[in-house]
There are 2 protein chains.
Amino acid sequence: MSDPLSKRRLKMWIRLLGVTRAAESHLREFLRVQHDTTLPRFDVLAALYRRREGVTMSELSRMLLVSNGNATTVVDRLENDGLVRRTPSETDRRTVFVALTAEGLRQFEVLATQHEAEVGRLFANLSEADLDVLTDILKRMGPR
Amino acid sequence: MSDPLSKRRLKMWIRLLGVTRAAESHLREFLRVQHDTTLPRFDVLAALYRRREGVTMSELSRMLLVSNGNATTVVDRLENDGLVRRTPSETDRRTVFVALTAEGLRQFEVLATQHEAEVGRLFANLSEADLDVLTDILKRMGPR
DNA sequence: CCAAACAATTTCAAGTTTAAAATTTTCCGG
DNA sequence: CCGGAAAATTTTAAACTTGAAATTGTTTGG
């Protein structure tokens with residue numbers, strides 16, 4: 001027989017996945033329709049905004065929990081669009097730093113405001129108390 | 001300035017996304033290494049297991065929150081591997097029913113047991129009380 | 001009846017994602 | 001110094017995903 005607690009954990013996981021996917025879909029649609037961009041692009045810009053001084057490709061893919069190859073192609077496109085710049089490291093010729101361009105920064109700041117508002121709407125029925133509890137639990141669920 | 005509550009909701013969302021993506025990565029790896037399969041395939045099998053009598057393609061993509069086109073290609077592959085069967089509807093020639101084959105059922109039952117155990121391990125440090133609270137909140141976050 | 005709206009599915013093009021292999025460069029023990 | 005292990009990144013092949021268009025079939029208002 002299967003442990004009833006593990007069955008409850010499974011049900012919770014399925015529900016968690018459902019909620020997250022639904023919210024992701026909504027935000028993807030929001031970015032596409034309102035801002036003609038995509039979630040992966042937004043994620044990269046957000047990561048580079050948090051680390052204004054620039055990050056290496058490896059750091060970037062670790063931050064976003066995506067593969068190196070994936071980070072490469074998204075950055076390729078953003079670079080072509082002039083939102084992001086690659087700068088070879090002076091000291092280690094293997095590494096490349098990626099950072100927002102002025103245009104990338106400008107665009108992201110617009111995007112971020114709207115995105116925050118949309119997330120606010122999406123989770124409007126979570127009270128301050130809910131957020132406290134939820135945040136505490138999520139912290140404990142994080143990668144140990 | 002931006003509403004501090006919406007900022008908290010944003011932080012919560014980022015954390016939620018991180019936890020979910022990390023767990024998804026872990027399970028993807030688990031399915032690949034231990035069972036030589038993928039998450040989307042598993043998701044389709046799981047949906048068909050829950051609805052043993054079969055579902056239409058549209059129902060399937062609604063259940064999984066993926067596009068119709070996506071459901072088509074994953075089902076294509078599973079059909080080629082003999083895990084899933086398509087049966088045209090008698091009454092409406094537009095619709096197709098998808099269901100597990102005997103082999104699909106057999107394979108999924110093995111998979112499901114292992115998967116549940118893995119999810120149990122992943123969230124081992126969530127207590128019964130955590131699950132109560134979390135489930136309640138997730139219900140209220142759902143698409144209402 | 002019948003044209004038009006609607007519905008279910010597949011096809012398509014473009015982009016995303018992954019894991020593995022390949023490439024280039026650095027580091028290190030002997 | 002040198003040969004191999006390790007590191008950072010890119011490339012590659014295959015799978016996944018999406019939204020839109022195309023296809024095929026059903027329904028319905030006039």
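From a predicted model like this one, the values you see are computed outputs, not experimental measurements. (Residues numbered from 1 in each chain as written. Chains lettered and ligands numbered in written order. Predicted model: local features only at pLDDT ≥ 70, side-chain atom pairs only at ≥ 80, totals over all residues. Heavy atoms only, no water.)

### Some words on the interface of chain B and chain A
Heads up, the rule is: Only heavy atoms enter the contact rule, under which two residues are in contact if any of them lie within 4.5 Å. By definition, the buried area sums, over both parts, the 1.4 Å-probe accessible area that each loses when the two are put together. Salt bridges are counted wherever a side-chain nitrogen of Lys or Arg sits within 4 Å of a carboxyl oxygen of Asp or Glu. Polar contact is the term for a pair of N or O atoms within 3.5 Å; when the atoms are in protein, one must be able to donate a hydrogen and the other to accept it, and sequence-neighboring residues count only if both atoms are side-chain atoms. We count a stretch as a helix when DSSP gives it H or I for four or more residues in a row; a strand needs E for two or more, and each element gets its number in order from the N terminus.
Taken together, the contacts link 45 residues of chain B with 47 residues of chain A. Summed over both sides, the interface of chain B with chain A buries roughly 4,800 Å², with 65% coming from carbon and sulfur. Three residues, R9, W13 and E116 of chain B, lead the burial of chain B against chain A; their summed loss comes to 15% of the area buried on that side. Run the count over chain B and chain A and you get 12 salt bridges. On inspection of chain B and its partner chain A, the count reaches 21 residue pairs in polar contact (both at pLDDT 80 or more). Of all the elements in the fold, those that place two or more residues in the side of chain B that touches chain A are α1 (4–35), α5 (102–122) and α6 (128–141) of chain B. Take the side of chain B that touches chain A: its biggest share by element is 19 residues, from α1 of chain B.

### Some words on the nonpolar core
Rules: What is meant by a nonpolar core is a set of buried Ala, Val, Leu, Ile, Met, Phe, Trp, Tyr and Cys residues, joined one to another through side-chain atoms within 4.5 Å. Throughout this description, buried means an accessible area under 20% of the type-specific maximum (1.4 Å probe, protein chains only), exposed means over 50%, and partly exposed covers the range between.
M12 and M141 of chain A together with M12 and M141 of chain B are the most contacted members of the largest nonpolar core, which totals 32 residues. Looking at this core, the elements that each hand over two or more residues are α1 (4–35) and α6 (128–141) of chain A together with α1 and α6 of chain B. Among all residues touching M12 of chain B, those that are not within four sequence positions of it are F123, L126, L131, L134 and L138 of chain A together with M141 of chain B. Residues L39, L60, L64 and L100 of chain A belong to the second largest nonpolar core, which totals 23 residues.

### Re the protein's contact with DNA strand D
In plain terms, the rule: Think of it this way: one heavy atom of a residue within 4 Å of a molecule or strand is enough to make that residue near it.
In the vicinity of DNA strand D, 24 residues are found, and the nearest of them are S58 and N68 of chain A together with T38, S67 and R77 of chain B. Considering the 4 Å shell around the protein, atoms of DNA strand D inside it are sugar or phosphate in 76% of instances. The contact in question runs from a phosphate oxygen of DNA strand D to an N or O atom on the backbone of M57 of chain A, over 3.2 Å. R93 of chain B places a main-chain nitrogen or oxygen 3.2 Å from a phosphate oxygen of DNA strand D. Residue assignment for the surface near DNA strand D shows that the elements contributing at least two residues are α3 (57–64) and α4 (68–80) of chain A together with α2 (39–50) and α4 (68–80) of chain B.

### Here we look at the protein's contact with DNA strand C
The cut-off we apply is this: For this classification, the nonpolar set comprises Ala, Val, Leu, Ile, Met, Phe, Trp, Tyr, Cys and Pro, the charged set comprises Asp, Glu, Lys and Arg, and every other residue, Gly included, is treated as polar.
With respect to spatial proximity, 23 residues lie near DNA strand C, and among them S67, N70 and R77 of chain A together with S58 and N68 of chain B are the closest. Considering DNA strand C, the proportion of its atoms within 4 Å of the protein that are sugar or phosphate atoms stands at 77%. In this structure, S67 of chain A approaches DNA strand C through a main-chain N or O atom, which is 2.8 Å from a phosphate oxygen. A distance of 3.0 Å separates a phosphate oxygen of DNA strand C from a polar side-chain atom of R86 of chain B. Going through the elements one at a time, α4 of chain A together with α3 (57–64) and α4 of chain B are the ones with two or more residues in the surface near DNA strand C. Considering each element in turn, the surface near DNA strand C owes the most residues, four residues, to α4 of chain A. Here the surface near DNA strand C is built from residues that sort into five nonpolar, 11 polar and seven charged.

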